[in-house]
Amino acid sequence: GQNIDQPTEMTATEGAIVQINCTYQTSGFNGLFWYQQHAGEAPTFLSYNVLDGLEEKGRFSSFLSRSKGYSYLLLKELQMKDSASYLCAVLLNNAGNMLTFGGGTRLMVKP
Amino acid sequence: NAGVTQTPKFQVLKTGQSMTLQCAQDMNHEYMSWYRQDPGMGLRLIHYSVGAGITDQGEVPNGYNVSRSTTEDFPLRLLSAAPSQTSVYFCASSEVMSGSEAFFGQGTRLTVV
């Protein structure tokens, strides 16, 4: 089966930096996505990594190591509005761009 | 710019009832899918479609049917609702290109009593 693990909850302080880890063991791999989901809302796209390395997009960065089955999402200069769940998802194959999700990490940003 | 539209937003069903969750997208995306989200379990794929007339099963298809008669619409049918189907359902669409981001609808919160 597919196994995607991420911490259930994290807490961080406004203005700080937080790193959310994701490890995966899957039967296929065609890339890894991070989505943000505020409570009661739909997930929204943050990043996509298919090659090893760091992708930076404003305050958010995402890293991938395919050999280690490991990714992280780095959030800098945390703001209160960053309080949300962060979903790690693996693209198993290209047919239909179907995603397998981890359980999500609920991040709480405190003043 | 509507994106992906799901209806209804909330629904309560009695065990054994049937219903259809509607999903429509206006982005001309070929790929569409249905997920359910349960606490602590993340999003799980129910069914997906790679184009009009083509559907396939995902991870948790039992108790659900889908059809894709047009590019825009991808309804999800619950044949005989069970309490285990209480969940939040999300429809998503994406372009054909590998790695394209999925756009999600706002979700349908379903309770089966």
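Computed from a predicted structure; not experimentally measured.

Our next topic: the environment of L51(A). All names here are of chain A. Note on placement: L51 falls in the loop between strand 5 (44-49) and strand 6 (53-57). Residues L51 and L64, 13 residues apart in the sequence, show an inter-C-alpha distance of 7.0 Å. Contact partners of L51, with chain neighbours within four places excluded, come to L64 and R66.

With that settled, the discussion passes to the pairing of strand 5 (residues 42-51) of chain B. Residue and element names in this part refer to chain B. Among the 10 residues that make up strand 5, 9 are buried, leaving the element largely enclosed by the rest of the structure. In this structure, strand 4 (residues 31-38) lies alongside strand 5, joined through 7 bridges in antiparallel fashion. The residue of strand 5 that forms the bridge with D38 is G42. With antiparallel pairing between neighbouring strands as the criterion, strand 4 and strand 5 make up a hairpin whose turn holds 3 residues, including G40 at a positive phi of roughly 75 degrees. For strand 5 and strand 6 (residues 54-57), the ladder comprises 3 bridges, and the chain directions are antiparallel. Counterpart to H47 in the pairing with strand 6 is Q57. The hairpin formed by strand 5 and strand 6 contains 2 residues between the paired strands, and G53 there has a positive phi angle of roughly 85 degrees.

Turning our eyes to something else, we now look at the interface of chain A and chain B. With 19 residues of chain A at the contact, the number on the chain B side is 25 residues. Across the chain A/chain B interface, buried area totals approximately 1,600 Å², and carbon plus sulfur atoms make up 58% of it. Broken down residue by residue, the surface that chain A buries against chain B is led by N97(A), M98(A) and F101(A), which jointly contribute 31%. Applying the counting rule to chain A against chain B returns 3 residue pairs in polar contact (both at pLDDT 80 or more). Elements represented by at least two residues in the side of chain A that touches chain B include exactly strand 4 (32-37), strand 5, strand 9 (84-91) and strand 10 (99-101) of chain A.

Next up on the list: the sheet that holds strand 6 of chain A. Residue and element names in this part refer to chain A. Spatial strand order, 1-3-8-7-6: 5 strands in an open sheet with antiparallel pairing. For this open sheet the edge positions go to strand 1 (3-5) and strand 6, each flanked by a neighbour on one side alone. Averaged over neighbouring strand pairs, the angle between their axes works out to 15 degrees when direction is ignored. Summarising the sheet, strand 6 and strand 7 (residues 60-65) pair through 5 bridges and their orientation is antiparallel. Looking across to strand 7, one finds that G53 is bridged to L64.

Let us now look at the pattern of salt bridges. All names here are of chain A. Counted by the stated rule, this structure contains 6 salt bridges over all chains. Where R66 meets D52, a salt bridge forms, and the shortest distance between an N and an O atom there is 3.0 Å. Taken as a pair, R66 in the loop between strand 7 and strand 8 (70-75) and D52 in the loop between strand 5 and strand 6 lie far apart in primary sequence, 14 residues in all. Accessibility expressed as a relative area gives 41% for R66, which makes it partly exposed.

Let us now look at the state of the cysteines. In the structure shown here, the tally under the stated rule is 2 disulfides over all chains. Note on cysteine connectivity: C22(A) is disulfide-linked to C88(A), with sulfurs 2.0 Å apart. The S-S bond linking C22(A) to C88(A) shows a torsion near -65 degrees; that makes this disulfide left-handed. Of this pair, C22(A) sits in strand 3 (residues 18-25) while C88(A) is found in strand 9, placing the two residues 66 residues apart along the sequence. C23(B) shares a disulfide with C91(B); S-S distance 1.8 Å. Across the disulfide from C23(B) to C91(B), rotation about the S-S bond amounts to roughly -70 degrees, and the bridge is consequently left-handed. In this pair, C23(B) is assigned in strand 3 (residues 19-25) and C91(B) in strand 9 (residues 87-94), connecting sequence segments 68 residues apart. Judged by relative accessible area, C91(B) falls into the buried class, the value being 0%.

The rules behind the values
- Residues numbered from 1 in each chain as written.
- Chains lettered and ligands numbered in written order.
- Predicted model: local features only at pLDDT ≥ 70, side-chain atom pairs only at ≥ 80, totals over all residues.
- Heavy atoms only, no water.
- Helix = DSSP H or I, 4+ residues; strand = E, 2+ residues; numbered from the N terminus.
- Contact = heavy atoms within 4.5 Å.
- Buried < 20%, exposed > 50% of the residue type's maximum accessible area, 1.4 Å probe, protein only.
- Pairing = 2+ DSSP bridges.
- Buried area = accessible area lost by both parts, 1.4 Å probe.
- Polar contact = N/O pair within 3.5 Å; in protein donor to acceptor, adjacent residues only side chain to side chain.
- Axes fitted to C-alpha atoms, helices over the stretch in contact; angles between N-to-C directions.
- Salt bridge = Lys/Arg side-chain N within 4 Å of Asp/Glu carboxyl O.
- Disulfide = S-S within 2.5 Å.

By themselves, these figures tell us nothing about what the structure is for.
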